[in-house]
Amino acid sequence: MSKIVVESSPPLRGTVRISGAKNAVLPVIAASLLSGQKCILEDIPFLNDVEVMSEVLVSLGADIKKLSNMRMEVNSRNIDNYEAPYELVRRMRASFLVLGPLLARMGKARISFPGGCAIGTRPIDLHLKGFSALGAEITMGHGYIEASAKKLKGDRVYLDFPSVGATENIMMAAALAEGRTVIENAAEEPEIVDLATFINKMGGCVKGAGTDTVKIDGVKELKGCTHTVIPDRVEAGTYMVAAAITRGDIIVENVVINHLMSVIAKLKEAGVIIQEVENGLRVYAPERVKAVDIKTLPYAGFPTDMQAQMMALMSVARGTSVIIETVFDNRFMHVNELRRMGANIKIDGRSAVVQGIPELTGAPVKATDLRAGAALILAGLAARGRTEITDVYHIDRGYTDIEKKFQSLGGKVYRI
Ligand code: UD1
């Protein structure tokens, strides 16, 4: 089992290129199931989660080729299986995203029930509500969910919460349904817009993605296309916080600035200087940051996927900050690990009160989930001494070449 070791690092300097977005590429790979032709996907981050999603498609009969230069080819012409097994769904919840496209293409899908996970209970009721509205019959048993429909029919679907996954799954199912589907209170995340762009490139008709009402007019079939996924806004945010916590001066390249507005606003409020430059964003932190309050919300609010990293930063800020997590019910697992490094954090339900201290100290800690793991690397960069992080497979689910990227900025991050 590998570990990541982080040593107290100088202010980060240099340029880091941000990879394609994990959370955009996973639904895009799933959506390739909708087409009987070849799709070429570009700027693919070859991460563990992408590997699992590829394995799911291969298990359904798709043909996947890894091409050079961060490209992959997905050909779902010959899919002949409609079941995603426990073995794969267990490794990644997002495998559940194949349910919508499989149902649309095959008229049937059977998927292992995704269990709980490190950051909360994460039900799938909204996905299923959407499929039922489109006329699918849903049955459950033996740990599996089965959905079937001779022909899906468009209808209105209201989501009680703007769930990213449910919006994506329903959009994909609706792409080949008869007539119009309208998703109300849809998620507005950039990854939803990217998926809509991909479906439209394949010949689909999705309108309103990026707003709270998404309209999908079903088409008979979808063709192949080439698509470049959007840059990863969470990876970008993580390196921006790394610059802030080490009082560094870096450039993050390959970013969509609009996707980062809430993160930029909060970092600026904390005293970080952020400037648009030709190839991205310059992030410069001349001094110790000020404490700021944060509340996670669906997009365009502050992303829950940046909460842990900001908490690491607030642990060494001047003053006290209140961090409220509203998206997930149990996303403070990193608090105990940050406390092991000396952080002064109190939790009351979904709120954390972080009293900034001048310096953290390195310690053995455990990555409890993907973003929690990233937060521990950030804390380790700024801590006195050595931090050893275990369970780093979580980190590898979402960050490409993380130690190399940090090393190129002068960060002392190594894998042993
Ligand atoms: C996606 C992202 C994840 C991010 C999250 C919120 C991917 C692969 N993952 O996850 O990184 O943290 O969005 O931005 O894109 N919910 C229900 N019923 C449902 C579905 C969701 O109650 O049927 C609840 C969840 O329990 C959670 C909230 O809705 O409390 C948000 O979840 P959702 O937006 O669905 O997140 P994911 O798509 O799983």
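Since this is a predicted model, take the numbers as computed values, not measurements. (Residues numbered from 1 in each chain as written. Predicted model: local features only at pLDDT ≥ 70, side-chain atom pairs only at ≥ 80, totals over all residues. Heavy atoms only, no water.)

Concerning empty space enclosed by the protein
Any empty space left between atoms is shown by rolling a water-sized probe over those atoms.
Now for step 1: Throughout the structure, instances matching the rule amount to two cavities of 30 Å³ or more.
Now for step 2: There is about 60 Å³ of room inside the largest cavity.
Now for step 3: Lining the largest cavity, in full, are Arg-233, Val-234, His-259, Leu-260, Ser-262, Val-263, Tyr-299, Ala-300, Gly-301 and Pro-303.
Now for step 4: The space that makes up the second largest cavity amounts to roughly 30 Å³.
Now for step 5: Ala-21, Lys-22, Asn-23, Glu-191, Asp-232, Arg-233, Val-234 and Arg-371 together form the lining of the second largest cavity.
Now for step 6: Counting residues per element, the ones that place at least two in the lining of the second largest cavity are α1 (22-31) and α8 (233-245).
Now for step 7: Residue composition of the lining of the second largest cavity, grouped by class: two nonpolar, one polar and five charged.
Now for step 8: Counting residues domain by domain, the lining of the second largest cavity receives three or more from each of domain 1 (4-19 + 231-415) and domain 2 (22-228). (1 Å grid on protein atoms, 1.4 Å probe; cavity = no way out; pocket = protein on both sides within 12 Å on 5 of 7 lines; lining within 4 Å. Points joined across faces, edges and corners; volume = space filled by probe spheres on them. Helix = DSSP H or I, 4+ residues; strand = E, 2+ residues; numbered from the N terminus. Nonpolar A, V, L, I, M, F, W, Y, C, P; charged D, E, K, R; others polar. Domains from an automatic or database assignment.)

Observations regarding the site of the ligand
Now for step 1: Lining the immediate environment of the ligand, one finds 16 residues, of which Asp-125, Leu-126, Ser-163, Asp-305 and Val-327 sit closest.
Now for step 2: Here an oxygen atom of the ligand and a backbone polar atom of Leu-126 are 2.7 Å apart.
Now for step 3: Contacts to the ligand include Val-164, whose backbone N or O atom sits 2.8 Å from an oxygen atom.
Now for step 4: Going through the elements one at a time, α5 (125-133) and α6 (164-175) are the ones with two or more residues in the shell around the ligand.
Now for step 5: Residues of the shell around the ligand, tallied by class, amount to seven nonpolar, five polar and four charged. (Near = heavy atom within 4 Å. Polar contact = N/O pair within 3.5 Å; in protein donor to acceptor, adjacent residues only side chain to side chain.)

Focus on the nonpolar core
Among soluble globular proteins, nonpolar side chains are generally buried collectively.
Now for step 1: By size, the foremost hydrophobic cluster in this structure holds 75 residues, and its most contacted members are Leu-34, Leu-41, Met-53, Val-98, Leu-152 and Met-171.
Now for step 2: Excluding anything up to four places from it in sequence, Met-53 contacts Leu-26, Ile-29, Ala-30, Met-92, Ala-94, Ser-95, Leu-97 and Val-98.
Now for step 3: Counting residues in hydrophobic clusters, the runner-up holds 72 residues, among them Val-289, Leu-338, Ala-363 and Ala-375. (Core = buried A, V, L, I, M, F, W, Y, C linked by side-chain atoms within 4.5 Å. Buried < 20%, exposed > 50% of the residue type's maximum accessible area, 1.4 Å probe, protein only. Contact = heavy atoms within 4.5 Å.)

A word on the pattern of salt bridges
Now for step 1: Across all of its chains, the model carries 26 salt bridges by this definition.
Now for step 2: Ionic pairing is found between Arg-110 and Glu-83, a salt bridge with its closest N-O pair at 3.0 Å. Remark: Glu-83 occurs in strand β6 (residues 83-84) and Arg-110 occurs in strand β7 (residues 108-112); sequence separation between them is 27 residues.
Now for step 3: Judged by its relative accessible area of 27%, Glu-83 falls in the partly exposed class.
Now for step 4: Across the pair Arg-110 and Glu-146 runs a salt bridge whose closest N-O atoms are separated by 3.3 Å. You can see Arg-110 sitting in strand β7 and its partner Glu-146 sitting in strand β9 (residues 144-148), a full 36 residues away along the chain.
Now for step 5: A cluster of three or more residues bridged by salt bridges with shared partners is formed by Lys-3, Glu-7, Arg-386 and Glu-388. (Salt bridge = Lys/Arg side-chain N within 4 Å of Asp/Glu carboxyl O.)

Considerations on the layout of surface pockets
Now for step 1: Computed from the structure, the second largest pocket encloses a volume of approximately 210 Å³.
Now for step 2: As for the second largest pocket, its lining consists of 18 residues, and the residues nearest its centre are Ile-245, Thr-246, Arg-247, Pro-358 and Ala-382.
Now for step 3: Sorting the residues of the lining of the second largest pocket by element identifies α8 and α12 (370-382) as the ones contributing at least two each.
Now for step 4: Among the residues making up the lining of the second largest pocket, the classes are represented as 10 nonpolar, three polar and five charged.

Remarks on the pairing of strand β4 (residues 63-67)
Now for step 1: Pairing of β4 with strand β5 (residues 71-75), which is carried by five bridges, proceeds in the antiparallel orientation. Bridge assignment links Lys-65 to a residue of β5, and that residue is Glu-73.
Now for step 2: Hairpin connection, β4 to β5: the antiparallel pair is bridged by three residues, and Asn-69 has positive phi, about 55°. (Pairing = 2+ DSSP bridges.)

Regarding the environment of Leu-281
Now for step 1: As for its placement among the helices and strands, Leu-281 is situated in strand β17 (residues 280-284).
Now for step 2: You can call Leu-281 buried: its relative accessible area is 2%.
Now for step 3: Sequence spacing of Leu-281 and Glu-253 is 28 residues, and the spatial spacing of their C-alpha atoms is 6.7 Å.
Now for step 4: If near-sequence neighbours (up to four positions away) are discounted, Leu-281 is found in contact with Met-240, Ile-250, Ile-251, Val-252, Val-255, Ile-257, Leu-260, Ile-264, Ile-274, Gln-275 and Glu-276.

Let's talk about the sheet that holds strand β18 (residues 294-295)
Now for step 1: On the basis of which strands lie adjacent, the open sheet formed by four strands has the order β18-β19-β21-β20 and mixed pairing. The open sheet has two edge strands, β18 and β20 (344-348), and neither has a second partner.
Now for step 2: With five bridges connecting them, strand β19 (residues 320-324) and strand β21 (residues 351-355) associate as antiparallel partners. Across the sheet, Ile-323 pairs through a bridge with Ala-352, a residue of β21.
Now for step 3: Across the sheet, helix α10 (residues 307-315) is in contact with β18, β19, β20 and β21; its angle to β21 comes to roughly 30°. (Axes fitted to C-alpha atoms, helices over the stretch in contact; angles between N-to-C directions.)

Details of the sheet that holds strand β14 (residues 225-228)
Now for step 1: Ordered in space as β4-β5-β3-β14, the four strands form an open sheet in which the pairing is mixed. At either end of the open sheet lies a strand with only one pairing partner, and these are β4 and β14. Along the sheet, successive strands turn relative to each other by an average axial angle of 15°, direction set aside.
Now for step 2: In the sheet, strand β3 (residues 38-42) pairs with β14 via four bridges, with the strands oriented parallel. Bridge pairing in β14 places Leu-41 opposite His-227.
Now for step 3: Across the sheet, helix α7 (residues 190-201) touches β3 and β14, and the angle it forms with β14 is around 160°.

What about unusual backbone geometry?
Leave glycine aside and you will find that most residues have negative phi; peptide bonds, for their part, are mostly trans.
Now for step 1: Tyr-299 connects to Ala-300 through a cis peptide bond whose omega is 10°.
Now for step 2: Position of Ala-300 among the secondary structure elements: in the loop between β18 and α10.
Now for step 3: Its identity as a non-glycine residue notwithstanding, Asn-185 has a phi of 55°, on the positive side.
Now for step 4: Mapped onto the fold, Asn-185 is located in the loop between β11 (180-184) and α7.
Now for step 5: On the basis of relative accessible area, Asn-185 is assigned to the partly exposed category, the value being 24%.
Now for step 6: Of note, Asn-254 is a non-glycine position whose phi angle comes to about 65°, a positive value.
Now for step 7: For Asn-254, the location among the structural elements is in the loop between β15 (249-253) and α9 (261-269).
Now for step 8: Judged by its relative accessible area of 24%, Asn-254 falls in the partly exposed class.

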